[in-house]
Protein chains: 8
Amino acid sequence: MTAPVAVLMGSDSDLPVVQGCLDKLRELEVEVDYFVLSAHRTPDLTHRFAKSAHEKGYRILIAAAGGAAHLAGVLAAVSPLPVIGIPILGEQLAGLDSLLSTVQMPAGIPVATVGVGKSGAVNAAILAVRILALGDPALAERFEAFRRGLQEKVIAKNEKLGTSLDVQSL
Amino acid sequence: MTAPVAVLMGSDSDLPVVQGCLDKLRELEVEVDYFVLSAHRTPDLTHRFAKSAHEKGYRILIAAAGGAAHLAGVLAAVSPLPVIGIPILGEQLAGLDSLLSTVQMPAGIPVATVGVGKSGAVNAAILAVRILALGDPALAERFEAFRRGLQEKVIAKNEKLGTSLDVQSL
Amino acid sequence: MTAPVAVLMGSDSDLPVVQGCLDKLRELEVEVDYFVLSAHRTPDLTHRFAKSAHEKGYRILIAAAGGAAHLAGVLAAVSPLPVIGIPILGEQLAGLDSLLSTVQMPAGIPVATVGVGKSGAVNAAILAVRILALGDPALAERFEAFRRGLQEKVIAKNEKLGTSLDVQSL
Amino acid sequence: MTAPVAVLMGSDSDLPVVQGCLDKLRELEVEVDYFVLSAHRTPDLTHRFAKSAHEKGYRILIAAAGGAAHLAGVLAAVSPLPVIGIPILGEQLAGLDSLLSTVQMPAGIPVATVGVGKSGAVNAAILAVRILALGDPALAERFEAFRRGLQEKVIAKNEKLGTSLDVQSL
Amino acid sequence: MTAPVAVLMGSDSDLPVVQGCLDKLRELEVEVDYFVLSAHRTPDLTHRFAKSAHEKGYRILIAAAGGAAHLAGVLAAVSPLPVIGIPILGEQLAGLDSLLSTVQMPAGIPVATVGVGKSGAVNAAILAVRILALGDPALAERFEAFRRGLQEKVIAKNEKLGTSLDVQSL
Amino acid sequence: MTAPVAVLMGSDSDLPVVQGCLDKLRELEVEVDYFVLSAHRTPDLTHRFAKSAHEKGYRILIAAAGGAAHLAGVLAAVSPLPVIGIPILGEQLAGLDSLLSTVQMPAGIPVATVGVGKSGAVNAAILAVRILALGDPALAERFEAFRRGLQEKVIAKNEKLGTSLDVQSL
Amino acid sequence: MTAPVAVLMGSDSDLPVVQGCLDKLRELEVEVDYFVLSAHRTPDLTHRFAKSAHEKGYRILIAAAGGAAHLAGVLAAVSPLPVIGIPILGEQLAGLDSLLSTVQMPAGIPVATVGVGKSGAVNAAILAVRILALGDPALAERFEAFRRGLQEKVIAKNEKLGTSLDVQSL
Amino acid sequence: MTAPVAVLMGSDSDLPVVQGCLDKLRELEVEVDYFVLSAHRTPDLTHRFAKSAHEKGYRILIAAAGGAAHLAGVLAAVSPLPVIGIPILGEQLAGLDSLLSTVQMPAGIPVATVGVGKSGAVNAAILAVRILALGDPALAERFEAFRRGLQEKVIAKNEKLGTSLDVQSL
């Protein structure tokens, strides 16, 4: 059976950032396939992948790319699936190039864009989980536990730092 | 029965832009409720809305806001549903403020951000449709027709302009 | 008795920057509580904190956050107290995201924004002192001494560097 | 008796924006003096104003300026009072010049910066009110009523637009 | 016979800008075909066009698009021909989105990017002419005359304005 | 005798902005020649102008240009005279392109850059006056009167608006 | 015989970036001359080089420069050849200065601009190859092999990383 | 006798950048005084310095500052001398804050702005030299030698790198 999520990255140099996406999906027990495919260096393969992705059984596509980041846009243009875009930070322009190239899609072809870089990669996973959880009660429960954990971790950090937080008295 | 999509806007002055989102959802026969609710001027109402939205039956939340655009972020922080953010263009800073305030969310709390302004508003609707279509084959068919229509409109425009396009020969 | 100032940071990773704020307040003998609380990961706790802060006796709230920095905005939306926002520099976008997310608040809900990063953190403390000194003559005097010290340090640096500065002859 | 708030603008062309600040202060029954004074065209007058402002009885200074907006910074450098800065939008650079010139103050000399343009001007008034209300219970009550009004206006707009908002059911 | 230059635009709303490109090519007697084809709304047609363009006899491809402007990038990824990109100005982000989406291509797949908007459209034509003139002496001569004309027009404007320009004395 | 100041503009469309520079120079009785000369469309003429400008008797060169604004840089590279650059606002990029192209000169070849647009054009004139006044006591006196006038105009505006300004009491 | 391509850089400190351009040209067996010549520090030499470049036999000029990057613009103004510009990243402004100074040329004088930094340098070489290949079938074949290699390298990386890519099944 | 040039820096941390300005002035045998004086931390001293600078005999003032860089603007507002501003790069906002705060002065009060950082510091010195050389033929000759040296250094670098530059044949 095909994994519900496919993660594409434009270059293997994006993997250190994308890894956070893969890890978070697996942590929430969502299977994921991943690929290095470039809108520009492998346009045919990318086109064919996008064309058949929903028939293969994928339900959500995630694409990470930097610079003139077209990968998510290509997927969204060819596939009917929801496409999530992760802008990757390059050495120049402070990430503005990849962010704007990913998010500013023309009317009709949306890319669900998350933030630039590592936080964005994690958030792409969480966004996929929120979407899949609409039709998967078990995943919805695991996600709810993850959400409670976010709060618990913050409370634990206050304890570790010895801040003035007293949850009871709030 | 609750509509599957709720659209929130931070101010009624956002309605001319948001209208494109409402229209596109209805064109694709997706019911939608809409609200003026502000992360800043009605924080309690917004918080209560977000808290109960998934229990009321909403499946996707769309939020449009400008400037320090926090509305989508508040919804994503409180509700487990997928949240789509539409950055609204203001009189200054060329839309960069609303775009960055919407998209640059911390790890764990994604907002699926679309482009600034009118194209973004339409794309929020389409993105919601792509997500809902994962579990709704009839909607998936209507969406497929919409996608074919995008191409047909482009072909028609070539004919109207008398360009050199000859689809057969491509 | 409650401290007059509460400092919130969105993540414990903000502490190295926020420390400059805490230190400056203590240097001027202003008591301060501090907390790790996130607009996005602990929305309920943050909401409850903001709701009761003025009843607990806090007089000024300071919030430090990065990226789509909503923390100060949430406090300002829920609490009637003056709220000061410190934008935290992230790895991308050169601090523009946190600055714009903090400062561009809608009419009715101001955040008193200071500069990005370490200078901003110190300035949040000084701004709180200026406000508190309006009703606290002893603090006003300590602040006046601090202000004289700023000038004296500059004069001392000229001496150390052996510049041409001759204060008498100015 | 001196008004508690003085509003300075760098040019009379800033008055249409600054008017929103003056109106909001008067709406909340806070007396206000206003002046056209420029950091650059009247440096002596501005310096002398700043030097004596707190002795004259002013408690908060608000400064509006565009471009290389130094007016708030000059006041903050010379006066011990809290200084609020309103960046004014010019014909170029989308307001980024006035925003950065106002907010990026060096450690030790804060300017409480609000958003660019008309919303910022209103927010400067509200921020002043929040600060003054710390020592003025009657003003605190008027401000509380204003805050309730923000929510009521939003509810009224929902009714006017015929949205799905049902406050009871939230 | 196929025209040597094909101009593609992402939307018929780009035509008022692109017209300057078409006019300049025709003024210099370079035949040109033009098309409305979108990287996102007609990905298959665009892909097929790009794939066969050099076999059809085109020698230079020019693409105009706004926002997340991928059209030039798609052509450059699929076709071996030189591709020139014209970034189109939208309502937001001051043209930065289309410029960065066009120019920041990954290593291996260049787009020869010209300036944003109308000047860029004219320059795309001139750049095509410079390239074609490498192998077409008659075109090189027409281009040389055009270049002389640029200087003559400037001299004529000085005369019309009555400036101090005296070409002889330089 | 040659005028001491030469003003060059890259295009006659810059004249409405540059006029403010010409007018201010004449108001202060500084003679000025002006020219339409382009770094790009008339490189030879510009080069020859720059080469002989100091021998002709010009003492200060002022250059106004937009976009990739190279005109001031060319003058500074070829002529030993002080060169002042006025960045002209275009339709896109909010003036950032002309500002950065003018000011970011490599070490060794400075352009004295003033602000973007109309204020910058006036300031180019004033900067030239400040420089010329170093060696011209009569001009220094006229400039001093102009400076006093700046303050007097501000005072007059306060009177006209009926502000609280009382110059005596400062 | 003259090489078909000349690469100019504004400073020898640009060589580490420019090297990628030289290497890629040589890898594709295109001869190349290179020079350190500055629009600002050697304006005469640069002007003379540009004036005679096409007579010497060069067919394409490539220029790399940072900051107020005028080098490519000077070449395009003086020479009739196609000019490719590589914006070099400096320590400040994230490369925006060199990008805008290179690309925003006035109508009539195009610079074919590639991306900022190392990717841009490689792409300048590839763009030159695409242009030269129009009249050189042997080069066109070598370029075609290079293009196939781009795809093969991506496939190899998938194998090395053990991704889910199965080219057959696409 | 007073030096003709005074260099002010807002903080002693600016000295490593400003040193390049001091060194270049001395290399060209222009005497220079330097000072650490802040528009914000020592407003009185700065004001008094500016007021008497031209009477003391200074002819040109150079000011270096970062962030909301007001130092040059204060000098230009108070002193009639030509004022040169060096924007200093900070840890955030890529230097845009100091550049815009320095250059975007209101009509009437110019600051001759040079580029951000080290190149700008050197250029401030050269700009001062160009101005002083208008009335100092010996300095004009030393400057001419410096300008020739710029070209000679470039030629020497070509030799060292073994490039194709043949100055004779140009």
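Conventions we followed
Residues numbered from 1 in each chain as written. Chains lettered and ligands numbered in written order. Predicted model: local features only at pLDDT ≥ 70, side-chain atom pairs only at ≥ 80, totals over all residues. Heavy atoms only, no water. Helix = DSSP H or I, 4+ residues; strand = E, 2+ residues; numbered from the N terminus. Buried < 20%, exposed > 50% of the residue type's maximum accessible area, 1.4 Å probe, protein only. Contact = heavy atoms within 4.5 Å. Buried area = accessible area lost by both parts, 1.4 Å probe. Salt bridge = Lys/Arg side-chain N within 4 Å of Asp/Glu carboxyl O. Polar contact = N/O pair within 3.5 Å; in protein donor to acceptor, adjacent residues only side chain to side chain. Least-squares fit on C-alpha atoms with pLDDT ≥ 70 in both. Domains from an automatic or database assignment. Nonpolar A, V, L, I, M, F, W, Y, C, P; charged D, E, K, R; others polar. Pairing = 2+ DSSP bridges. Right-handed = clockwise from strand over helix to strand, strands pointing away. Expected span 1.5 Å × (residues − 1). Axes fitted to C-alpha atoms, helices over the stretch in contact; angles between N-to-C directions. Parallel < 35°, antiparallel > 145°, perpendicular 65-115°, else oblique. Left-handed = near helix turned anticlockwise from the far one by under 90°. Phe/Tyr/Trp six-rings, centres within 6.5 Å; stacked < 30°, edge-to-face > 60°.

Draft legend 1. Summary view of the overall build of chain A. For chain A, the helix and strand inventory stands at 6 helices and 5 strands. Starting at the N terminus and ending at the C terminus, chain A contains elements arranged as β-α-β-α-β-α-β-α-β-α-α. Across its three principal axes, chain A shows a C-alpha extent of roughly 60 × 40 × 30 Å. By the burial criterion, 68% of the 170 residues in chain A qualify as buried.

Draft legend 2. Fine view of the interface of chain D and chain C. Taken together, the contact between chain D and chain C spans 40 residues of the former and 39 residues of the latter. It is Pro110(D), Arg130(D) and Leu134(D) in chain D that bury the most area against chain C; as a group they hold 22% of the surface buried on that side. For the interface between chain D and chain C, the tally reads 0 salt bridges. There are 26 residue pairs in polar contact (both at pLDDT 80 or more) connecting chain D and chain C.

Draft legend 3. Layout of the relation of the copies chain A and chain B. Rotating chain A by 180 degrees about the axis while translating it 0.0 Å along that axis superimposes it on chain B, leaving an RMSD of 0.0 Å. A rotation of that kind, with that shift, is consistent with a two-fold axis. Residue by residue, 98% of the interface of chain A is reproduced at the interface of chain B, so both copies engage with the same surface.

Draft legend 4. Up close: the interface of chain A and chain B. In this assembly, 40 residues from chain A lie in contact with 39 residues from chain B. Buried surface at the junction of chain A and chain B, summed over both partners, amounts to about 3,100 Å²; 61% is from carbon and sulfur atoms. On the chain A side of the interface with chain B, the three residues burying the most area are Pro110(A), Arg130(A) and Leu134(A), jointly 22% of the side's total. At the surface where chain A touches chain B, the tally comes to 0 salt bridges. One can count 27 residue pairs in polar contact (both at pLDDT 80 or more) joining chain A with chain B. Of all elements in the fold, only α3 (71–78), α4 (96–103), β5 (112–113), α5 (118–133) and α6 (137–161) of chain A reach the threshold of two or more residues within the side of chain A that touches chain B.

Draft legend 5. Inspection of the domain arrangement of chain A at higher detail. Residues and elements named next belong to chain A. Once the domains are mapped, chain A shows domain 1 (5–134) and domain 2 (137–170). Each of domain 1 and domain 2 was reduced to a C-alpha centroid, and the two centroids are 29 Å apart. Contact residues are listed per partner, giving 10 residues for domain 1 and 6 residues for domain 2. Buried surface at the junction of domain 1 and domain 2, both sides included, amounts to about 750 Å², of which 73% is carbon and sulfur. Of all residues in domain 1, Leu28, Arg130 and Ala133 give up the largest surface area on contact with domain 2, accounting jointly for 52% of the area buried on that side. Applying the counting rule to domain 1 against domain 2 returns 1 salt bridge. Across the pair Glu29 and Arg142 runs a salt bridge, and its minimum N-O distance is 3.9 Å. There are 1 residue pair in polar contact (both at pLDDT 80 or more) connecting domain 1 and domain 2. Of all the secondary-structure elements, those providing two or more residues to the side of domain 1 that touches domain 2 are α1 (15–27) and α5. It is α5 that provides the largest number of residues to the side of domain 1 that touches domain 2, a total of 5 residues. When grouped by side-chain class, the residues that make up the side of domain 1 that touches domain 2 number 6 nonpolar, no polar and 4 charged.

Draft legend 6. Here's a closer look at the arrangement of the chains. There is a gap between chain C and chain F: no contact, and a shortest C-alpha distance of 16 Å. These two, chain A and chain H, are apart from each other, with no contact and a minimum C-alpha gap of 9 Å.

Draft legend 7. Region of interest: the relation of the copies chain D and chain C. Take chain D, turn it by 180 degrees, move it 0.0 Å along the axis, and it overlays chain C with an RMSD of 0.0 Å. When you check the interface residues of chain D against chain C, 98% turn up at the interface there too, and the contact is symmetric in its surfaces.

Draft legend 8. The side chain of Ser11(B), seen in detail. Residues and elements named next belong to chain B. Looking at where Ser11 falls in the secondary structure, it is placed in the loop between β1 (5–9) and α1 (15–27). Exposure remark for Ser11: the relative accessible area of 16% places this residue in the buried category. Filtering out sequence-adjacent residues up to four positions away, Ser11 remains in contact with Val36 and Arg41.

Draft legend 9. Summary view of the pairing of strand β2 (residues 32–36) of chain E. Residues and elements named next belong to chain E. Within β2, 5 of the 5 residues are buried, which leaves the element mostly enclosed by the surrounding structure. Relative to β2, strand β1 (residues 5–9) runs parallel, the two being bridged by 5 bridges. Along β2, the bridge assignment pairs Leu8 with Phe35. Crossover β1 to β2 through helix α1 (residues 15–27) is right-handed.

Draft legend 10. Broad picture of α5(A). Here α5(A) spans 23 Å end to end across 16 residues, near enough to the 22 Å set by a 1.5 Å rise per residue. Among the 16 residues that make up α5(A), 14 are buried, leaving the element largely enclosed by the rest of the structure.

Draft legend 11. Main features of the packing of helix α2 (residues 43–56) of chain A against α3(A). Residues and elements named next belong to chain A. At a closest axis distance of 8 Å, the pairing of α2 and α3 adopts a crossing angle of 45 degrees. If you check the angle between α2 and α3, you find them oblique. Classified by chirality, the crossing of α3 by α2 is right-handed. Contact residues: Thr46, His47, Phe49, Ala50 and Lys51 in α2; Leu71, Val74, Leu75 and Val78 in α3. Of the residues in the contact of α2 with α3, the class split is 6 nonpolar, 2 polar and 1 charged.

Draft legend 12. Just the packing of aromatic side chains, in detail. Residue and element names in this part refer to chain E. Using the criterion set out here, one finds 32 aromatic pairs over all chains in the structure. With a centroid separation of 6.1 Å and 20 degrees between ring planes, the pair formed by Phe143 and Phe146 is classed as stacked. With Phe143 and Phe146 both in helix α6 (residues 137–161), this residue pair falls 3 residues apart, about one helical turn. By relative accessible area, Phe146 is classed as buried at 10%.

Draft legend 13. Here's a closer look at the environment of Ala140(F). All names here are of chain F. The residue Ala140 is located in helix α6 (residues 137–161) in this model. The partly exposed category is assigned to Ala140, whose relative accessible area is 28%. Note: C-alpha distance between Ala140 and Pro4 (136 residues apart in sequence) is 15 Å.

Draft legend 14. Representation of unusual backbone geometry in the model. Phi is positive for Leu93(B), which is not a glycine, with a value near 65 degrees. You can see Leu93(B) is positioned in the loop between β4 (83–88) and α4 (96–103). One non-glycine residue with positive phi stands out, namely Ala94(D), at about 60 degrees. Among the secondary structure elements, Ala94(D) is positioned in the loop between β4 (83–88) and α4 (96–103). Using a relative accessible area of 23% as the deciding quantity, one classes Ala94(D) as partly exposed.

Draft legend 15. Main features of the environment of Glu27(H). Considering the arrangement of structural elements, one finds Glu27(H) in helix α1 (residues 15–27). Of note is the side chain of Glu27(H), whose polar atom sits 3.1 Å from the side chain of Lys24(H).

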